[in-house]
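# Architecture and fold: a report
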Amino acid sequence: MPMPAGIDTVTLTGRYVHPDGAPFAGKVTFSTPALLTLSGADTIAAGTATVNLDASGQFSVILVATDNADMQPTGWAYQVTEQLTGIAARVYSILLPSANSPVDLADIAPADPALGNYIPVPGPAGAAGNTILSGHGTPSSGTGRDGDYWMDLDAWILYGPKASGAWPGSGLPITDVITSVNGLTGAVVLTAAHVGADVAGAATAAVTSHTSATDPHGDRSYTDTQVATRTPTSRQITAGTGLTGGGNLTADRSLAVAFGTTGTTAAAGNDSRLSDSRTPTAHAASHASGGSDPITIAQSQVTGLAAALAGVSSSTAWRRRDLPDQAIADTLYTGSAPTISTAQTTTPTSGYIKYAPPGVALTGSDVTGPFAFMGAGGYQVGAGAPDNSYALPTSKYPNTYASGQSIWSVEFGTDAQIFQVRMKYISTATTYRLSIDGRKVTDLMQSSGGTTAGSGHLITIDLGSAAPRRIRLDFTTFPFGGVYLPPTATMWQVPAQGGRLMVFGDSLSDGSAQNNGFGAGTWFARAARLLGATDAWEQARGGTGYITPGSYATFADRLAADVIAWAPDRLVVWGGYNDNGGNQGTIGTAAASLFAAIKSGLPSCQVYVIGCWSPIATPATSVSNTDATLRTAAAGANFPFISPLTGGCYDATGTLVATHGPWINSGNAAAYIGGDAVHPTDAGHIYLSRRIVAAVRALMPA
C-alpha cells in the first residue's frame, strides 16, 4: 500500500548471505517505539513492518523517515530485529533521516550491537565562507560574492564587504605601505654598514675576550673580602629535643627524629599507643549546620548512602494504585461460554481468510496477521514442510526452534463470531487457554484436542455472536499457524499492558508434573494477571540455579540471551533450592555476580529477589542458610528480597518492612505440595501467586 502524501520516507535495502555466498532465509522486523503522530499528513503510524528475505537473501522496504517535520515524538529510532534461519536473533536500533534515501542496511547497522545501536549520519554541506580577493584596479560587479573584500594592488585601497551583489563605491586607503628601506628602493639588500651594525665575528670575539679575563668586572677583590667574613666551617648544628645528629660545617649534616616512649621522643605511626581509645574533644559549635563555619560532607563520603538512595522508589516505579482490581483480575470470563471443537485438518471453512504469523509464506487471499506476541521473542518459522507454516519463539535456552521457549501468548482484536486457530499437534503437552476481553475462559490450560502427532489441526471457536473483542491465547508446546476469519470479519492489533514482566528461575516457575499446563500453569501467569502485566515472560528452566546447571545452564550462563537481550521492565529472580546442597560461599559469590550483571545490563529494571523454597514446615539447615545467603547478596545489590521461609519482605536497603509468615507450614503442606514432596500442585500455585503478589505489593510505593 502506498505511503500517505506528505510523509517523508526512506527506501531501505539489505542482503544477507552466508560466508560462502549462499543466501539466508528469514525476515527483518522494523519497530517504532510508540505511536507516531504525523500532523502534517494527518496520519498516526505505529507498530512493526516485517520484510521476508527473497531467494537471493535480499529485501527492500519503504519506511517512515525518523526526522519527519511536525512528527511527535522526535528523536526516536527504529528497533531492528533480524531473525535469520539457523542463527540467533539480533536486535539493534537505527536512524533513517529522509536526506539519506535510498540507504542499505549494511551501511548503517552496527558490526557488534554491544558497541552501540545509533549510527551517525553526515549532515548536508554547509554554506561556503567569505574571503579577501585582490587584483589591479577596482573590482568588477561579477567578482566575488556577498561578504567578500577586494584589495586594489595599484592604489592599495581595500573595498568591501560586497553586499546585495554590489561593491562599495569607495574603499579604505592603506596608508602605511612600505615604499623604501633605509632610503633604498627596489630589491634592497642591507649590509652591516647600512644599519650601523658590527661586522660578522666582532661580537663573538668580544665575548670570548670577556670570559677569559681574570677579573673582567674589576670586583673580584671585593668578593674575596666578603667571603672571608662569612660563617666559618667550625660552626656547629646542634640537635634539639626529640632529634639526633648535627655537627660542624666541614661536611654535610642531617638531623633525624628520635622515636621512643619517653618524654623527649616521638611516637612512630605503628605505635600501639595510637590505637588506644580516647575521649574526643568537643567540636566547636560553629561547625554545626547554621554556624559560621559549618562542616559539609559530600554524598560520596558517606558509606552506603548512594546505594541506599538507589533503592528509594521514584515516582515512575510500580505503584499499588496502578494495579488492577485484585478481586477480579484473575477471575473467569462471565459471558456466554464459547463452543470449541478441534479437527485434524488444515483446510479452513470455505471463504475464510488466513491471518498468518510473520514469516509464513502467503498465498491467495492470505495476509500477515496484526498479532501482538507476548511472553516470548525471537519468533522463527520452521524449515521445510510442515514447519514452514508454523511459528515458535526462541527466546529461552537453548534458544532453538525445536526446543526453545514453549510458553507464550498471542493477542489480537476481532469482531468475528467464529474464528479458527491453526496449530501443529506435538503431544498431550500441546495445550492452550482462551481469554476474552482480559478474562480467562478456563482457569487451567486446556487440551488442544489433537490426535496425530506432527499433523496440522484447526481449533474452531464460536463466541455466539459477532462483536468487537480482545482475544488472548496462551500456548504450551503449540506451533502456531495463524488464525482464519470469515471475509466479513476484521482483525486489529492490541497493545500490551503493564510493561514487560519476567521471571527467571527454576521449576517452581517453569512447572512440573505436579501441576497442569507446565510453565503456563504456575503461580507466575496468575501473578502477572494480578499485577496487570499482559506481556509476562516465563524464562525459568527446571533443575537450574545460581551454581547448578541441571540439564540446561546456570542462571549466569543464561542471563545475557534469556533476560538482558529482552529488556524486561520488571524482573523476579527465584532460585536457590537446587543449590542448597552446595557451598554457601560459592552460592553467595555467584548470586552477587549475577545481580551485578543484572544491574549493569538492565539499569532501569525493577528487580525482586525471592529466597530459597522450602516444601516442608521445618526447613533444612542448608535451605535456611541459602535463604540467608541470597538475602545478603540482594541487599548488596540494592534489590528488594522476599523470604519464603519467614515471609519477610526486605526493601532495597535490606531493611525489613513487613513479615507475612512462612509460606508453607504443617497445616497447608498436604494441600499445596504434590506427590514428589517438592513441587506445588495447581492449588499450591494459586496460593503462591497470592503470597508473592502480597509481598511485592508490600514493597511497592502506594
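Quantities reported herein were computed from a predicted structural model and do not represent experimental measurements.

To continue, consider the packing of aromatic side chains. Following the criterion strictly, the structure yields 27 aromatic pairs and no others. Considering the side-chain rings of Tyr397 and Tyr552, the 6.4 Å spacing of their centres and the 85° angle between planes classify their relative orientation as edge-to-face. One end of the pair, Tyr397, is in the loop between strand 23 (391-392) and strand 24 (407-414); the other, Tyr552, is in the loop between strand 34 (535-538) and helix 7 (555-562), and 155 residues separate them in sequence. On the basis of relative accessible area, Tyr397 is assigned to the partly exposed category, the value being 27%. On the basis of relative accessible area, Tyr552 is assigned to the partly exposed category, the value being 31%. A centroid spacing of 6.1 Å and a plane angle of 85° characterise the contact between Tyr546 and Phe595, whose relative ring orientation is edge-to-face.

Across its 18 residues, helix 8 (residues 584-601) extends 26 Å between first and last C-alpha, which sits within 8% of the 26 Å expected from 1.5 Å per residue. Within helix 8, the full set of buried residues consists of Ile587, Gly588, Ala590, Ala591, Leu594, Phe595 and Ile598. Along the long axis of helix 8, the arc covered by the buried residues comes to 165°, so they all point the same way. Across from the buried face of helix 8, at angles greater than 90 degrees, the exposed residues are Thr589 and Ser600. Lining the buried residues of helix 8 we find strand 33 (500-505), helix 7, strand 35 (570-574), strand 36 (606-610) and helix 9 (621-636). One side-chain oxygen of the residue at the start of helix 8 lies 2.8 Å from the amide nitrogen of Gly585, identifying that residue as Asn583.

This part takes up the sheet that holds strand 1 (residues 9-15). Taken in spatial order, the 3 strands of this open sheet run 6-1-10, and their pairing is mixed. This sheet does not close on itself; its edge strands, each paired only once, are strand 6 (58-64) and strand 10 (103-104). Pairing of strand 1 with strand 6, which is carried by 7 bridges, proceeds in the antiparallel orientation. Bridge pairing in strand 6 links Thr9 to Val64.

Moving on, we get to the pattern of salt bridges. Within the structure shown, the criterion is met by 17 salt bridges. Among the ionic pairs, Arg526 bridges to Asp443, the shortest N-O distance being 2.7 Å. Here Arg526, found in helix 6 (residues 523-530), pairs with Asp443, found in the loop between strand 27 (439-440) and strand 28 (446-447); they are 83 residues apart in sequence, far enough to count as distant. Within the structure, one salt-bridge network assembled from shared partners comprises Asp330, Lys440, Asp443, Arg526, Arg529 and Arg690.

This part is about the sheet that holds strand 17 (residues 255-257). The strand order across the open sheet formed by 3 strands is 15-16-17, and the pairing between neighbours is antiparallel. Two strands bound the open sheet, and with one partner strand each, they are strand 15 (236-238) and strand 17. Sheet twist, expressed as the average angle between the axes of neighbouring strands with direction ignored, equals 10°. For strand 16 (residues 243-248) and strand 17, the ladder comprises 3 bridges, and the chain directions are antiparallel. Within the sheet, the bridge partner assigned to Leu243 lies in strand 17 and is Val257.

Examined against the element boundaries, Arg558 turns out to sit in helix 7. Between the alpha carbons of Arg558 and Ala540 there is a distance of 9.8 Å; along the sequence they are 18 residues apart. Beyond its immediate chain neighbours, meaning those up to four positions away, Arg558 contacts Lys396, Tyr397, Phe504, Gly505, Gln539, Ala540, Arg541, Thr544, Ala553 and Val563.

Note that the residue after Ala385, namely Pro386, is joined by a cis bond; omega there is 0°. Within the secondary structure, Pro386 sits in the loop between strand 22 (380-381) and strand 23. In this chain, Tyr397 is followed by Pro398 through a cis amide linkage whose omega measures 5°.

As for its placement among the helices and strands, Leu485 is situated in strand 31 (residues 480-485). Note: C-alpha distance between Leu485 and Gly351 (134 residues apart in sequence) is 8.8 Å.

Attention shifts here to the side chain of Asp330. Looking at where Asp330 falls in the secondary structure, it is placed in the loop between helix 4 (305-310) and strand 18 (339-343). Classification of Asp330 by relative accessible area gives buried; the value is 7%. A distance of 2.8 Å separates a polar atom in the side chain of Asp330 from a polar atom in the side chain of Lys440. Looking at Asp330, its side chain comes within polar contact range of the side chain of Arg690, at 3.0 Å. In contact with Asp330, not counting residues within four places along its chain, are Lys440, Arg526, Arg529, Leu530 and Arg690.

With that settled, consider the side chain of Asn668. Mapping Asn668 onto the fold places it in the loop between strand 39 (656-659) and helix 10 (669-672). A polar atom in the side chain of Asn668 sits 2.9 Å from the backbone nitrogen of Asn665.

Further remarks concern empty space enclosed by the protein. Within the structure shown, the criterion is met by 2 cavities of 30 Å³ or more. As a volume, the largest cavity reaches approximately 60 Å³. Contributing to the lining of the largest cavity are Trp318, Leu501, Trp523, Phe524, Ala527, Leu531, Val572, Tyr608, Ile692 and Val696. Mapped by element, the contributors of at least two residues to the lining of the largest cavity are helix 6 and helix 11 (682-699). No other element matches helix 6, which puts 3 residues into the lining of the largest cavity. Contributing to the lining of the second largest cavity are Arg433, Asp443, Leu444, Ala520, Gly521, Thr522, Ala525, Arg526 and Arg529. The dominant element in the lining of the second largest cavity, judged by the number of residues it contributes, is helix 6, at 3 residues. Its residues placed into classes, the lining of the second largest cavity shows 3 nonpolar, 2 polar and 4 charged.

Turning next to helix 7. Within the sequence span of helix 7, burial applies to Phe555, Arg558, Leu559 and Asp562. The buried residues of helix 7 occupy one face: seen down the axis, they fall within an arc of 125°. Counted as exposed and oriented over 90 degrees from the buried face of helix 7: Asp557 and Ala560. Buried residues along helix 7 sit against strand 33, strand 35 and helix 8.

This paragraph deals with the packing of helix 6 against helix 11. Close contact between helix 6 and helix 11 brings their axes to 8 Å; oriented N to C, the two are set at 45°. For the element pair helix 6 / helix 11, the angle class is oblique. Pair helix 6 / helix 11 crosses with right-handed handedness. Mapping the contact onto sequence places Trp523, Arg526, Ala527 and Leu530 in helix 6 and His685, Ile686, Leu688, Ser689, Arg690, Ile692 and Val693 in helix 11. The residue makeup of the contact of helix 6 with helix 11, split by class, is 7 nonpolar, 2 polar and 2 charged.

The rules behind these values
- Residues numbered from 1 in each chain as written.
- Predicted model: local features only at pLDDT ≥ 70, side-chain atom pairs only at ≥ 80, totals over all residues.
- Heavy atoms only, no water.
- Phe/Tyr/Trp six-rings, centres within 6.5 Å; stacked < 30°, edge-to-face > 60°.
- Helix = DSSP H or I, 4+ residues; strand = E, 2+ residues; numbered from the N terminus.
- Buried < 20%, exposed > 50% of the residue type's maximum accessible area, 1.4 Å probe, protein only.
- Expected span 1.5 Å × (residues − 1).
- Arc of directions from axis to C-beta.
- Contact = heavy atoms within 4.5 Å.
- Polar contact = N/O pair within 3.5 Å; in protein donor to acceptor, adjacent residues only side chain to side chain.
- Pairing = 2+ DSSP bridges.
- Salt bridge = Lys/Arg side-chain N within 4 Å of Asp/Glu carboxyl O.
- Axes fitted to C-alpha atoms, helices over the stretch in contact; angles between N-to-C directions.
- 1 Å grid on protein atoms, 1.4 Å probe; cavity = no way out; pocket = protein on both sides within 12 Å on 5 of 7 lines; lining within 4 Å.
- Points joined across faces, edges and corners; volume = space filled by probe spheres on them.
- Nonpolar A, V, L, I, M, F, W, Y, C, P; charged D, E, K, R; others polar.
- Parallel < 35°, antiparallel > 145°, perpendicular 65-115°, else oblique.
- Left-handed = near helix turned anticlockwise from the far one by under 90°.

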